[in-house]
Amino acid sequence: NFSTQQWKINVASQSQLVMLPGPTIPFEGARSYQRVAIDLADHARCIWAEIWHPGRYDRGDLSERFQFRSLIQETIVRREGRLVFRDRFHWQGPWNDESVAWHLGPHLACGSLFMTGPVDERHVRCGDQVEVALMPLASGDTCLRCLGAPAAVTHAVVRFALQLAAGWSTNSNGTPWLLSSDGLAKNHWFSA
């Protein structure tokens, strides 16, 4: 009843990395620790996504909605050794309705994106089912936060990340990168 993911990522100069790990879906009694350390070289681009679901929530009497024991998440991004972003939380459960409301309001899921460089607020379109906060960072990078239903948050985070990555491409026609590709398996990341 303990799980961990630990990522150590180095992004070389002039390179671009888009990391969209699947959503964290904690089971009843789960204890999970995730640590992400991203080191960016000068002129490196990176998008890192994190998505948190309430557990297996749509199972009637067997629902595991917010029944985790402990979730610890830590993300640290450095550019040329200098700290540019740090995000850490330790959620202790299980959560009752009051705890859910305090952390997420009326929503069931949340998502976060760290993106190198500035993001124009006019380009943030995540639909009316998702609440969004776009936060420019002192480093010149950007953090995007989303709240909403699990499927809507997952779709919004992934779509925005892929649209931003498409904008990095020199041959981009504005179509979200990968979303219109042929030959990919139908799954929750890329299916319409």
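Going by the structure above, here's the rest.
How each quantity is defined
- Residues numbered from 1 in each chain as written.
- Predicted model: local features only at pLDDT ≥ 70, side-chain atom pairs only at ≥ 80, totals over all residues.
- Heavy atoms only, no water.
- Pairing = 2+ DSSP bridges.
- Helix = DSSP H or I, 4+ residues; strand = E, 2+ residues; numbered from the N terminus.
- Axes fitted to C-alpha atoms, helices over the stretch in contact; angles between N-to-C directions.
- Core = buried A, V, L, I, M, F, W, Y, C linked by side-chain atoms within 4.5 Å.
- Buried < 20%, exposed > 50% of the residue type's maximum accessible area, 1.4 Å probe, protein only.
- Contact = heavy atoms within 4.5 Å.
- Phe/Tyr/Trp six-rings, centres within 6.5 Å; stacked < 30°, edge-to-face > 60°.
- Salt bridge = Lys/Arg side-chain N within 4 Å of Asp/Glu carboxyl O.
- Expected span 1.5 Å × (residues − 1).

1. Concerning the sheet that holds strand β6 (residues 82–92)
And step 1. Across the sheet, which stays open at both edges, the four strands sit in the order β1-β3-β5-β6 with mixed pairing between neighbours. The open sheet has two edge strands with one neighbour each: β1 (2–11) and β6. Neighbour to neighbour, the strand axes of the sheet diverge by 5 degrees on average, direction disregarded.
And step 2. Relative to strand β5 (residues 70–79), strand β3 (residues 31–40) is paired through ten bridges, and the arrangement is parallel. When the sheet's bridge partners are listed, Gln34 is paired in β5 with Gln73.

2. Regarding the sheet that holds strand β4 (residues 45–52)
Strands pair in a sheet through their backbones, by hydrogen bonds, and they do so in one of two ways: parallel or antiparallel.
And step 1. The five strands are arranged β2-β4-β7-β9-β8 in an open sheet whose pairing can be described as mixed. The open sheet has two edge strands, β2 (16–19) and β8 (130–136), and neither has a second partner. Averaged over all neighbouring strand pairs, the angle between strand axes comes to 10 degrees, with direction disregarded.
And step 2. As judged from the seven bridges shared by β8 and strand β9 (residues 142–148), these two strands associate in the antiparallel manner. From the neighbouring strand, Pro136 faces β9, where its bridge partner is Thr142.

3. Topic: the nonpolar core
And step 1. In terms of nonpolar packing, the biggest core is built from 22 residues, with Ile47, Leu113, Met115 and Val157 touching the most fellow members.
And step 2. Of all the secondary-structure elements, those providing two or more residues to this core are β4, β7 (109–115), β9 and α2 (150–168).
And step 3. The contacts of Val157, once residues within four sequence positions are left out, are Ala49, Ile51, Gly111, Ser112, Leu113 and Cys146.

4. Overview of the packing of aromatic side chains
And step 1. Taken as a whole and judged by the stated rule, the model has eight aromatic pairs.
And step 2. Judged by centre distance (6.3 Å) and plane angle (65 degrees), the ring pair of Trp52 and Trp91 falls under edge-to-face. In this pair, Trp52 is assigned in strand β4 and Trp91 in strand β6, connecting sequence segments 39 residues apart. Residues Trp52 and Trp91 agree in their burial class; the two are buried.
And step 3. Ring geometry for Phe66 versus Trp95: centroids 5.3 Å apart, planes at 25 degrees, classification stacked. A residue pair is termed long-range when its members are at least 10 positions apart, and Phe66 in the loop between β4 and β5 and Trp95 in the loop between β6 and α1 (97–104) qualify at 29 residues.

5. Focus: the pattern of salt bridges
And step 1. A complete count under the given rule lists six salt bridges for this structure.
And step 2. Note that Asp87 is salt-bridged to Arg145, the shortest N-O span being 3.0 Å. Separated by 58 residues along the polypeptide, Asp87 in strand β6 and Arg145 in strand β9 bring together distant segments of the chain.
And step 3. Residues participating in the shared-partner salt-bridge network are Arg35, Glu74 and Arg86.

6. Quick word on the environment of Ala156
And step 1. Here Ala156 is to be found in helix α2.
And step 2. For Ala156, a relative accessible area of 4% corresponds to the buried category.

7. What to know about α2
And step 1. For α2, built from 19 residues, the straight-helix expectation of 27 Å at 1.5 Å per residue is met to within 8% by its first-to-last C-alpha distance of 27 Å.
And step 2. Of all 19 residues making up α2, 14 are buried, and the element is well covered by its neighbours.

8. Here's the deal with the environment of Glu28
And step 1. Here Glu28 is to be found in the loop between β2 and β3.
And step 2. Distance from Glu28 to Gly55, taken between C-alpha atoms, is 7.5 Å for residues 27 residues apart in sequence.
And step 3. In contact with Glu28, other than residues within four places in its own chain, are Glu64 and Gln67.

These figures come from the coordinates and say nothing about function on their own.
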